[in-house]
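Structural characterization, general
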Amino acid sequence: MSDKKQFMFLNRRAPYGTIYAWESLEVVLIAAAFEQAVSLAFIDDGVYQLVTGQDTTGIGMKNFSPTYKTLGDYEVRHMYVDKDSLEARGLSVDDLVVVPWEDWETEETVDNIVEVVDSAKLAELLEESDVVFSF
Amino acid sequence: MKFAIQVNEGPYQHQASDSAYQFTKAALEKGHECFRVFFYHDGVLNGTRLTTPPQDDRNIVNNWVELAEKYDLDLVVCVAAAQRRGIVDEGEAERNGKDATNIAPRFRISGLGQLIEAAIQCDKLVVFGD
(Lines give C-alpha, C1' and ligand atoms only; values in the text may rest on other atoms or scores of the structure.)
Protein backbone atom coordinates (compact mmCIF):
# COMPACT_ATOMS: atom_id res chain seq x y z
CA MET A 1 0.00 0.00 0.00
CA SER A 2 1.17 3.54 -0.77
CA ASP A 3 1.88 6.19 1.85
CA LYS A 4 -0.90 7.75 3.85
CA LYS A 5 -3.11 10.05 1.77
CA GLN A 6 -5.11 13.08 2.83
CA PHE A 7 -8.78 12.12 2.38
CA MET A 8 -11.40 14.86 2.44
CA PHE A 9 -15.09 14.03 2.57
CA LEU A 10 -17.16 16.98 1.39
CA ASN A 11 -20.69 16.74 2.78
CA ARG A 12 -23.08 19.09 1.03
CA ARG A 13 -26.58 17.78 1.74
CA ALA A 14 -29.14 17.68 4.53
CA PRO A 15 -29.09 14.44 6.57
CA TYR A 16 -32.55 13.34 5.47
CA GLY A 17 -34.46 13.77 2.20
CA THR A 18 -31.77 11.90 0.28
CA ILE A 19 -29.44 9.06 1.25
CA TYR A 20 -26.18 10.88 0.44
CA ALA A 21 -25.31 11.85 4.02
CA TRP A 22 -25.90 8.37 5.42
CA GLU A 23 -24.02 6.56 2.67
CA SER A 24 -21.21 9.12 2.94
CA LEU A 25 -20.86 8.24 6.60
CA GLU A 26 -20.57 4.57 5.65
CA VAL A 27 -17.59 5.39 3.41
CA VAL A 28 -15.96 7.47 6.18
CA LEU A 29 -16.16 4.54 8.60
CA ILE A 30 -14.55 2.21 6.06
CA ALA A 31 -11.86 4.76 5.14
CA ALA A 32 -10.81 4.94 8.79
CA ALA A 33 -10.00 1.22 8.72
CA PHE A 34 -7.49 1.86 5.91
CA GLU A 35 -5.41 4.16 8.14
CA GLN A 36 -5.60 7.22 5.92
CA ALA A 37 -5.63 10.82 7.15
CA VAL A 38 -9.36 11.47 7.12
CA SER A 39 -11.02 14.89 7.34
CA LEU A 40 -14.62 15.88 6.81
CA ALA A 41 -16.02 19.20 5.64
CA PHE A 42 -19.63 20.33 5.87
CA ILE A 43 -20.98 22.99 3.53
CA ASP A 44 -24.39 24.19 2.27
CA ASP A 45 -27.22 22.04 3.75
CA GLY A 46 -24.51 19.57 4.85
CA VAL A 47 -24.09 21.63 8.04
CA TYR A 48 -27.47 20.26 9.19
CA GLN A 49 -25.86 16.82 9.51
CA LEU A 50 -24.08 17.99 12.67
CA VAL A 51 -27.01 19.71 14.39
CA THR A 52 -27.78 18.23 17.82
CA GLY A 53 -31.18 17.01 19.00
CA GLN A 54 -32.29 15.38 15.75
CA ASP A 55 -35.54 13.40 16.04
CA THR A 56 -36.55 11.24 13.09
CA THR A 57 -39.47 9.37 14.64
CA GLY A 58 -41.99 11.30 12.54
CA ILE A 59 -40.44 10.31 9.20
CA GLY A 60 -39.70 6.64 9.86
CA MET A 61 -35.99 7.01 9.15
CA LYS A 62 -33.09 5.77 11.24
CA ASN A 63 -31.52 8.62 13.21
CA PHE A 64 -27.85 8.19 12.40
CA SER A 65 -26.71 11.52 13.88
CA PRO A 66 -25.21 9.93 17.05
CA THR A 67 -22.59 8.35 14.78
CA TYR A 68 -20.95 11.73 14.11
CA LYS A 69 -20.08 12.08 17.78
CA THR A 70 -18.03 8.87 17.61
CA LEU A 71 -15.95 9.79 14.55
CA GLY A 72 -12.98 10.78 16.75
CA ASP A 73 -12.82 7.10 17.78
CA TYR A 74 -12.54 6.22 14.07
CA GLU A 75 -9.42 8.36 13.80
CA VAL A 76 -11.14 11.19 11.97
CA ARG A 77 -8.94 14.11 12.98
CA HIS A 78 -10.74 17.17 11.55
CA MET A 79 -14.36 18.12 10.95
CA TYR A 80 -14.58 21.52 9.27
CA VAL A 81 -17.80 23.49 9.02
CA ASP A 82 -18.24 26.31 6.51
CA LYS A 83 -18.93 29.57 8.37
CA ASP A 84 -21.11 31.16 5.66
CA SER A 85 -23.29 28.04 5.30
CA LEU A 86 -23.79 27.94 9.07
CA GLU A 87 -24.69 31.63 9.37
CA ALA A 88 -26.99 31.58 6.33
CA ARG A 89 -29.07 28.96 8.16
CA GLY A 90 -29.20 30.84 11.46
CA LEU A 91 -26.94 28.30 13.14
CA SER A 92 -23.84 28.64 15.27
CA VAL A 93 -21.25 26.21 16.59
CA ASP A 94 -23.38 25.91 19.76
CA ASP A 95 -26.02 24.06 17.71
CA LEU A 96 -23.53 21.41 16.58
CA VAL A 97 -22.28 18.16 18.05
CA VAL A 98 -19.07 18.08 20.05
CA VAL A 99 -16.67 15.43 18.79
CA PRO A 100 -13.75 14.55 21.09
CA TRP A 101 -10.58 12.94 19.82
CA GLU A 102 -7.78 11.04 21.47
CA ASP A 103 -4.55 9.55 20.17
CA TRP A 104 -4.41 6.07 21.72
CA GLU A 105 -0.62 5.92 21.55
CA THR A 106 0.46 9.40 22.66
CA GLU A 107 -2.66 10.04 24.79
CA GLU A 108 -2.89 13.47 23.16
CA THR A 109 -6.49 14.66 23.40
CA VAL A 110 -8.59 17.28 21.63
CA ASP A 111 -11.88 18.32 23.27
CA ASN A 112 -13.64 19.03 20.00
CA ILE A 113 -12.47 18.38 16.43
CA VAL A 114 -15.42 20.34 14.97
CA GLU A 115 -14.00 23.63 13.67
CA VAL A 116 -15.78 26.51 11.92
CA VAL A 117 -13.70 27.86 9.01
CA ASP A 118 -14.26 30.49 6.31
CA SER A 119 -14.52 29.59 2.65
CA ALA A 120 -10.97 30.71 1.86
CA LYS A 121 -9.62 28.28 4.45
CA LEU A 122 -11.91 25.56 3.12
CA ALA A 123 -10.61 26.12 -0.42
CA GLU A 124 -7.08 25.79 0.94
CA LEU A 125 -7.95 22.52 2.71
CA LEU A 126 -9.50 21.07 -0.45
CA GLU A 127 -6.42 22.09 -2.42
CA GLU A 128 -4.18 20.28 0.07
CA SER A 129 -6.22 17.06 -0.06
CA ASP A 130 -5.04 14.11 -2.15
CA VAL A 131 -8.53 12.67 -2.55
CA VAL A 132 -11.84 14.53 -2.34
CA PHE A 133 -15.02 12.50 -1.95
CA SER A 134 -18.04 14.65 -2.70
CA PHE A 135 -21.43 13.69 -1.30
CA MET B 1 -2.31 8.95 -15.34
CA LYS B 2 -4.01 6.27 -13.26
CA PHE B 3 -7.66 7.15 -12.67
CA ALA B 4 -10.29 5.78 -10.31
CA ILE B 5 -13.89 6.57 -11.17
CA GLN B 6 -16.85 6.86 -8.81
CA VAL B 7 -20.41 6.94 -10.17
CA ASN B 8 -23.02 8.22 -7.72
CA GLU B 9 -26.22 8.48 -9.77
CA GLY B 10 -28.45 6.02 -11.60
CA PRO B 11 -28.42 5.73 -15.39
CA TYR B 12 -31.01 7.63 -17.50
CA GLN B 13 -32.28 9.67 -14.52
CA HIS B 14 -29.03 11.58 -14.47
CA GLN B 15 -26.18 12.48 -16.83
CA ALA B 16 -23.54 11.21 -14.37
CA SER B 17 -23.36 7.64 -15.71
CA ASP B 18 -23.03 8.82 -19.33
CA SER B 19 -20.37 11.36 -18.38
CA ALA B 20 -18.46 8.78 -16.36
CA TYR B 21 -18.61 6.33 -19.26
CA GLN B 22 -17.49 8.91 -21.81
CA PHE B 23 -14.69 10.14 -19.55
CA THR B 24 -13.45 6.62 -18.84
CA LYS B 25 -13.59 5.64 -22.52
CA ALA B 26 -11.74 8.79 -23.60
CA ALA B 27 -9.08 8.32 -20.91
CA LEU B 28 -8.48 4.70 -21.92
CA GLU B 29 -8.34 5.59 -25.61
CA LYS B 30 -5.69 8.20 -24.79
CA GLY B 31 -3.59 5.51 -23.11
CA HIS B 32 -4.40 6.37 -19.49
CA GLU B 33 -5.09 3.67 -16.97
CA CYS B 34 -8.34 3.12 -15.08
CA PHE B 35 -7.76 1.26 -11.83
CA ARG B 36 -11.45 0.73 -11.12
CA VAL B 37 -14.94 2.10 -11.70
CA PHE B 38 -16.88 2.07 -8.44
CA PHE B 39 -20.68 2.39 -8.45
CA TYR B 40 -22.26 3.89 -5.34
CA HIS B 41 -25.66 5.28 -4.27
CA ASP B 42 -28.12 4.85 -7.19
CA GLY B 43 -25.06 4.37 -9.40
CA VAL B 44 -25.34 0.65 -8.59
CA LEU B 45 -28.30 0.56 -11.00
CA ASN B 46 -25.74 0.71 -13.81
CA GLY B 47 -25.05 -2.93 -12.96
CA THR B 48 -28.33 -4.66 -13.82
CA ARG B 49 -28.48 -6.67 -17.02
CA LEU B 50 -32.30 -6.35 -17.02
CA THR B 51 -32.13 -2.75 -18.24
CA THR B 52 -34.09 -2.41 -21.49
CA PRO B 53 -34.00 1.11 -22.93
CA PRO B 54 -35.91 1.97 -26.14
CA GLN B 55 -34.09 0.75 -29.25
CA ASP B 56 -33.24 4.23 -30.46
CA ASP B 57 -31.63 5.16 -27.12
CA ARG B 58 -28.14 4.33 -25.87
CA ASN B 59 -27.79 1.24 -23.69
CA ILE B 60 -25.67 2.50 -20.80
CA VAL B 61 -25.27 -0.91 -19.15
CA ASN B 62 -24.09 -2.52 -22.39
CA ASN B 63 -21.75 0.42 -22.97
CA TRP B 64 -20.01 -0.38 -19.68
CA VAL B 65 -19.91 -4.10 -20.45
CA GLU B 66 -18.34 -3.53 -23.87
CA LEU B 67 -15.79 -1.08 -22.45
CA ALA B 68 -14.91 -3.58 -19.71
CA GLU B 69 -14.43 -6.35 -22.28
CA LYS B 70 -12.21 -4.21 -24.48
CA TYR B 71 -9.98 -2.85 -21.70
CA ASP B 72 -10.41 -5.48 -18.97
CA LEU B 73 -11.97 -2.78 -16.79
CA ASP B 74 -12.85 -3.53 -13.16
CA LEU B 75 -16.52 -2.59 -12.62
CA VAL B 76 -17.43 -2.79 -8.92
CA VAL B 77 -20.88 -2.31 -7.41
CA CYS B 78 -21.01 -1.42 -3.69
CA VAL B 79 -22.58 -4.30 -1.79
CA ALA B 80 -24.41 -2.22 0.83
CA ALA B 81 -25.83 0.14 -1.78
CA ALA B 82 -26.69 -2.83 -4.03
CA GLN B 83 -28.57 -4.68 -1.30
CA ARG B 84 -30.74 -1.63 -0.65
CA ARG B 85 -31.54 -1.28 -4.34
CA GLY B 86 -31.95 -4.91 -5.41
CA ILE B 87 -28.79 -5.54 -7.43
CA VAL B 88 -28.08 -9.23 -6.90
CA ASP B 89 -25.42 -11.72 -7.99
CA GLU B 90 -25.40 -15.44 -7.21
CA GLY B 91 -23.54 -15.06 -3.93
CA GLU B 92 -25.88 -12.34 -2.71
CA ALA B 93 -28.96 -14.30 -3.82
CA GLU B 94 -27.79 -17.27 -1.81
CA ARG B 95 -26.84 -15.24 1.28
CA ASN B 96 -30.07 -13.25 1.35
CA GLY B 97 -32.49 -15.91 0.14
CA LYS B 98 -33.42 -14.18 -3.14
CA ASP B 99 -35.01 -16.07 -6.03
CA ALA B 100 -33.19 -14.28 -8.84
CA THR B 101 -30.04 -12.45 -9.90
CA ASN B 102 -29.68 -9.44 -12.16
CA ILE B 103 -26.01 -8.47 -12.15
CA ALA B 104 -24.70 -7.61 -15.61
CA PRO B 105 -21.68 -9.47 -17.00
CA ARG B 106 -18.28 -7.95 -16.15
CA PHE B 107 -19.75 -6.28 -13.04
CA ARG B 108 -18.97 -7.60 -9.58
CA ILE B 109 -20.41 -6.80 -6.16
CA SER B 110 -17.93 -5.95 -3.42
CA GLY B 111 -17.41 -3.75 -0.36
CA LEU B 112 -16.62 -0.08 0.16
CA GLY B 113 -13.03 -1.07 0.85
CA GLN B 114 -12.70 -1.38 -2.93
CA LEU B 115 -13.48 2.34 -3.26
CA ILE B 116 -10.96 3.31 -0.60
CA GLU B 117 -8.32 1.04 -2.13
CA ALA B 118 -8.96 2.61 -5.54
CA ALA B 119 -8.61 6.10 -4.02
CA ILE B 120 -5.30 5.10 -2.46
CA GLN B 121 -3.89 3.40 -5.55
CA CYS B 122 -4.92 5.96 -8.19
CA ASP B 123 -3.34 9.29 -9.08
CA LYS B 124 -6.76 10.91 -9.32
CA LEU B 125 -10.25 9.94 -8.15
CA VAL B 126 -12.94 11.44 -10.37
CA VAL B 127 -16.46 11.52 -8.88
CA PHE B 128 -19.51 11.74 -11.16
CA GLY B 129 -22.79 12.79 -9.59
CA ASP B 130 -24.89 15.68 -8.36
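Here is a short report on the structure shown in this document. (Residues numbered from 1 in each chain as written. Chains lettered and ligands numbered in written order. Predicted model: local features only at pLDDT ≥ 70, side-chain atom pairs only at ≥ 80, totals over all residues.)

Here we look at the sheet that holds strand β5 (residues 124-128) of chain B
Strand pairing in a sheet takes place through backbone hydrogen bonds and is either antiparallel or parallel in direction. Residue and element names in this part refer to chain B. Which entries qualify depends on this criterion: Whether two strands pair comes down to DSSP finding at least two bridges between them. Going along the chain from the N terminus, every DSSP run of H or I of four or more residues is numbered as a helix, and every run of E of two or more is numbered as a strand. Between the N-to-C directions of two axes lies an angle of 0 to 180 degrees, each axis being a line fitted to C-alpha atoms and, for a helix, fitted only over the stretch in contact. Placing C-beta atoms from the backbone, we regard two residues as in contact once those atoms come within 7 Å.
Reading across from one edge, β4-β3-β2-β1-β5 is the order of the five strands in this open sheet, with parallel pairing throughout. Among the strands making up the open sheet, the edge pair consists of β4 (107-110) and β5. Within this sheet the neighbouring strands show an average axis-to-axis angle of 25°, counted without direction. Contacts from helix α5 (residues 113-121) reach β1 (2-7), β2 (33-39), β3 (75-78), β4 and β5, with the element oriented near 155° to β2.

With respect to the nonpolar core
Nonpolar side chains in soluble globular proteins tend to end up buried together. Rules: Note on definitions: a nonpolar core is a set of buried residues drawn from Ala, Val, Leu, Ile, Met, Phe, Trp, Tyr and Cys, linked by C-beta atoms within 7 Å. Exposure in this text rests on C-beta crowding, where 20 or more other C-beta atoms within 10 Å of a residue's own make it buried, 12 or fewer make it exposed, and counts in between make it partly exposed. The C-beta atoms are placed from the backbone.
Judged by nonpolar contacts, the single largest core of 71 residues is most densely connected at V28 of chain A together with V37, F38, F39, V77, C78 and A119 of chain B. If you tally residues by element for this core, the top one is helix α1 (residues 20-33) of chain A, at six residues. Apart from the residues lying within four places of it in its own chain, the contact partners of V28 of chain A are F9, V38, L40, L71 and V76 of chain A.

Describing the interface of chain A and chain B
Put simply, the test is: Residues are sorted three ways: Asp, Glu, Lys and Arg are charged, Ala, Val, Leu, Ile, Met, Phe, Trp, Tyr, Cys and Pro are nonpolar, and all the rest, Gly among them, are polar.
Across the contact, 16 residues belong to chain A and 13 residues belong to chain B. Within the residue set of the side of chain A that touches chain B, elements represented by two or more residues are α1 and β7 (131-134) of chain A. Sorting elements by how many residues they give to the side of chain A that touches chain B places α1 of chain A first, with six residues. Residue composition of the side of chain A that touches chain B, grouped by class: ten nonpolar, three polar and three charged.

Points about the pairing of β1 of chain B
All names here are of chain B. The test is simple: If the strands point away from the viewer and the path from the first strand over the helix to the second runs clockwise, then the crossover is right-handed.
Within β1, five of the six residues are buried, which leaves it mostly tucked inside the rest of the structure. Across six bridges, the pairing between β1 and β2 is parallel. If you follow K2 over to β2, its bridge partner there is E33. One crossover worth recording links β1 to the parallel β2 by way of helix α1 (residues 16-29), and it is right-handed. Sheet topology note: the β1/β5 ladder contains five bridges and is parallel. Pairing of Q6 across the sheet is with V127, part of β5.

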